[in-house]
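# Fold and contact review
Listed here are the chains, written in short residue letters.
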Amino acid sequence: MGKLFRLFFKRSNWALPYVIFLVIFVVLPLLLVILYAFQDAEGNFTLQNFVHFVNQPEVTHTFVYSVIIAVITTAICLLLGYPAAYIMSRMQSKSAVIVIMLFILPMWINMLIRTMATVTLFDFMQMPLGQGALIFGMVYNYLPFMIYPIYNTLQKMDHSLIEAAQDLGATPRQVFSRVIFPLSMPGVVSGIMMVLLPTISTFALAEMLTLNKIRLFGTIIQENINNTMWNYGAALSLIMLVIIGLTSIFTYRDKHDDINDAGLI
Amino acid sequence: MIGKIFSRGYLLLLLAMLYAPIVVIAVFSFTEAKVLGNWTGFSTGIYESLFSGKNVLIMRSIENTLIIAVAAAAIATLLGTIAAIGIYNMRHRQRRIISFVNNIPMLNPDIITGVSLFILFVFMGVTQGYTTVTLAHVTFCTPYVVLSVMPRLMQMNPNIYEAALDLGATPFQALRRVIMPEIRSGMISGFILSFTLSIDDFAVTYFTKGSIGLETISTQIYADSRKGGLSPEWRALSTIIFLAVLLLLLIINYRSMKHTHAKHSAVRSK
């Protein structure tokens, strides 16, 4: 009993419940996805799921299409969001806080409700639902995720660097392209990640905004899981996971810094 | 000056785009037409029918959403806070490993979290329902609790806990009287964040809700829109949710402004 007591009061052991939880609900599920992806319905090892993926032009086509749509959405968000973040970073801090609040506020509303609102807006303006509505809806949903990190880095930027560049004779354009933009890259990168990752994997948005006319990769995963094609669904999830993992590796450095900021390491 | 007007105009335009759909919904929640865009005269009929609870599906989905959000946020806050204290007292290497795994649910797209948990529950042969949805929500909420409690622990003077022990407090008392007050704000923001994440979730809920007919607001909207035609009550509900969120954010912001203001004046008076 005394030993148990001491074990309990060693505070580094307090993380134990959470460690067990993480193993069961985070690590094990991902391992199971990998296991299921390499099995057939009877549980034998197979590569059939991946062969199936490559041999189905419809699925590979959807995959490429989803990535393209996600990249277009991210690019539009960046083009629209960067100037907004830049303008806000130049505002007086009091009004900037209000504007940033206004941008974040819609994010607190359920995404399905926001998407429903987008659908009704298109109906109201008598515009057809389809690819255009899909991209608008995704930009509408994820634009704040782009603005916020960029605004943060711009805001924290050391203004004496800008002044130094000006003193050394840089034109306003040079100041932006040589000083401000490079320094805001961490914000741009995390903004891109925060928009790209969810847009690649979305499925409900696409179904609602295109009346099921356009299917994204997420839709196909969902259909397979729903139709008890678990192994194929797991294989498709694994493919998505690999793509996302590869994208994350490029930006790992920055994530690492974010974590440092949050003080976990 | 022109630049200023131009930049203000640009921000206004973006905000107009963000708010247009919500405004359309709010305006048309005051008319009874089934199809949106038909104005059949001002009426509060939709609100009356929402509050009368005639639409059982909507009422039940609101109830489920709130129950699951409160349960998941409470469990996540408890689990995450205890974990944060533990991680804080760990050695560097262990910390790194845990923080890496802690990041996975935050970086994983919803659909991957959903599918992987679905496969876990299938593998374990668990019937999916309230419990599995709540556990799934705890999975993606707890990392945020850990991340909001951790900075508070870092800011804390590590000696005050030892001081409390030296002055004769039991470890429990020291935890309750010394550590808890220091990290309370982190716990509260972790709870609020978890609550909103849980309410907002669609994909993870969708994959873990099973086939017992459990629907939250998100999955119910999805199911309705698949059947074609959302019932008009959703317009009233969305408007109410929007106003509630607006009010909540105003209160939080007002409080934090007062808080920082008080801090600043305290610093100044020193």
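Residues numbered from 1 in each chain as written. Chains lettered and ligands numbered in written order. Predicted model: local features only at pLDDT ≥ 70, side-chain atom pairs only at ≥ 80, totals over all residues. Heavy atoms only, no water.

### Regarding the overall build of chain B
So the rule is basically this: Helix and strand assignments follow DSSP, with helices taken as H or I runs no shorter than four residues and strands as E runs no shorter than two, numbered in order from the N terminus. Put simply, the radius of gyration uses C-alpha atoms, and a globule should come to 2.2 Å times the residue count raised to 0.38. Think of it in three bands: residues with accessible area under 20% of the maximum for their type are buried, residues over 50% are exposed, and the middle band is partly exposed, with areas taken using a 1.4 Å probe on protein chains only.
A count of helical and extended segments in chain B gives eleven helices and zero strands. Along its sequence from the N terminus, chain B presents helices and strands in the succession α-α-α-α-α-α-α-α-α-α-α. At 23 Å, chain B has a C-alpha radius of gyration far larger than the 18 Å of a compact globule built from 270 residues. On the principal axes, the C-alpha backbone points of chain B span a range of 75 × 65 × 40 Å. By residue count, 49% of the 270 residues in chain B fall in the buried class.

### Some points on the packing of helix α6 (residues 111–124) of chain A against helix α1 (residues 2–28) of chain B
Which entries qualify depends on this criterion: Fitted lines through C-alpha atoms give the axes, limited to the stretch in contact for helices. The angle between two N-to-C directions lies from 0 to 180 degrees. For classification purposes, an angle smaller than 35 degrees is called roughly parallel, one larger than 145 roughly antiparallel, one from 65 to 115 roughly perpendicular, and anything else oblique. In what follows, a contact means two residues having at least one pair of non-hydrogen atoms within 4.5 Å. Here the nonpolar group is Ala, Val, Leu, Ile, Met, Phe, Trp, Tyr, Cys and Pro; Asp, Glu, Lys and Arg are the charged ones; every other residue, Gly included, is treated as polar.
Where α6 of chain A contacts α1 of chain B, the two axes come as close as 8 Å, and the packing angle between them is 80°. Between α6 of chain A and α1 of chain B, the interaxial angle falls into the category roughly perpendicular. Contact residues: M116, A117, T118, T120, L121 and F124 of chain A in α6 of chain A; A20, P21, I22, V24, I25 and F28 of chain B in α1 of chain B. Here the contact of α6 of chain A with α1 of chain B is composed, by residue class, of ten nonpolar, two polar and no charged.

### Considering the side chain of N231 of chain A
Residue and element names in this part refer to chain A. As a reminder of what qualifies: Counting of polar contacts relies on pairs of N or O atoms within 3.5 Å, with two restrictions inside protein: one atom must be capable of donating a hydrogen and the other of accepting it, and residues adjacent in sequence are counted only when both atoms are side-chain atoms.
Tracing the backbone shows N231 in helix α13 (residues 230–250). At 2.9 Å, the side chain of N231 forms a polar contact with the backbone oxygen of Y36. In contact with N231, not counting residues within four places along its chain, are Y36, A37, Q39, D40, A41 and N49.

### Considerations on the domain arrangement of chain B
Threshold: A domain assignment, automatic or from a database, supplies the domain bounds used here.
Segmenting chain B into domains produces domain 1 (15–55 + 236–270) and domain 2 (59–230). Measuring from the centre of the C-alpha atoms in domain 1 of chain B to the corresponding centre in domain 2 of chain B gives 26 Å.

### So, helix α2 (residues 16–37) of chain A
Each full turn of the α-helix corresponds to 3.6 residues, which orients residues three or four apart in the same direction. Cut-off, in case you're wondering: In this analysis, the expected span of each helix is defined as 1.5 Å times one less than the number of residues it contains. Throughout, bend refers to the angle between the axes fitted to the seven residues that end at a position and the seven residues that start at it.
Between its first and last C-alpha, α2 of chain A extends 30 Å over 22 residues, near the 32 Å set by a 1.5 Å rise per residue. Bending of α2 of chain A peaks at approximately 35° at the position of V23 of chain A. Residues of α2 of chain A that are buried: Y18, F21, L22, F25, V26, P29, L30, L32, V33, Y36 and A37 of chain A. Buried residues along α2 of chain A sit in contact with α3 (48–55) and α13 of chain A together with α3 (56–88), α4 (92–107), α5 (110–124) and α6 (130–155) of chain B.

### Quick word on the packing of aromatic side chains
Aromatic ring pairs are described here by two measures, namely the spacing of the ring centres and the angle between the planes. The criterion, for reference: Stacked, tilted and edge-to-face pairs are distinguished by plane angle, under 30 degrees for stacked and over 60 for edge-to-face with tilted covering the rest, among Phe, Tyr and Trp rings (Trp via its six-membered ring) whose centres lie within 6.5 Å.
Evaluation of the coordinates by the stated rule reveals 27 aromatic pairs over all chains. Every member of this aromatic cluster is reached through a ring pair, and the members are F203 of chain A together with F202, Y206, F207 and Y222 of chain B.

### Considerations on the environment of N64 of chain B
Residue and element names in this part refer to chain B. Examined against the element boundaries, N64 turns out to sit in helix α3. Owing to a relative accessible area of 2%, N64 belongs among the buried residues under this scheme. Separated by 66 residues in sequence, N64 and Y130 place their C-alpha atoms 8.5 Å apart. With residues near it in sequence (within four places) discarded, N64 still touches Y130, L214 and E215. A polar contact is formed between the side chain of N64 and the side chain of Y130, at a distance of 2.4 Å.

### Notes on the interface of chain B and chain A
What counts, and what does not: By buried area we mean how much accessible surface two parts lose on assembly, using a 1.4 Å probe and totalling the loss over both. Here a salt bridge means any side-chain nitrogen of Lys or Arg lying within 4 Å of a carboxyl oxygen belonging to Asp or Glu.
Contact with chain B, which involves 89 residues of that partner, is made by 78 residues of chain A. Interface area, chain B with chain A, both sides summed: about 7900 Å², of which 81% is carbon and sulfur. Summed over the shared surface of chain B and chain A, the number is zero salt bridges. Where chain B packs against chain A, one counts eleven residue pairs in polar contact (both at pLDDT 80 or more). The element contributing the most residues to the side of chain B that touches chain A is α1 of chain B, with 15 residues.

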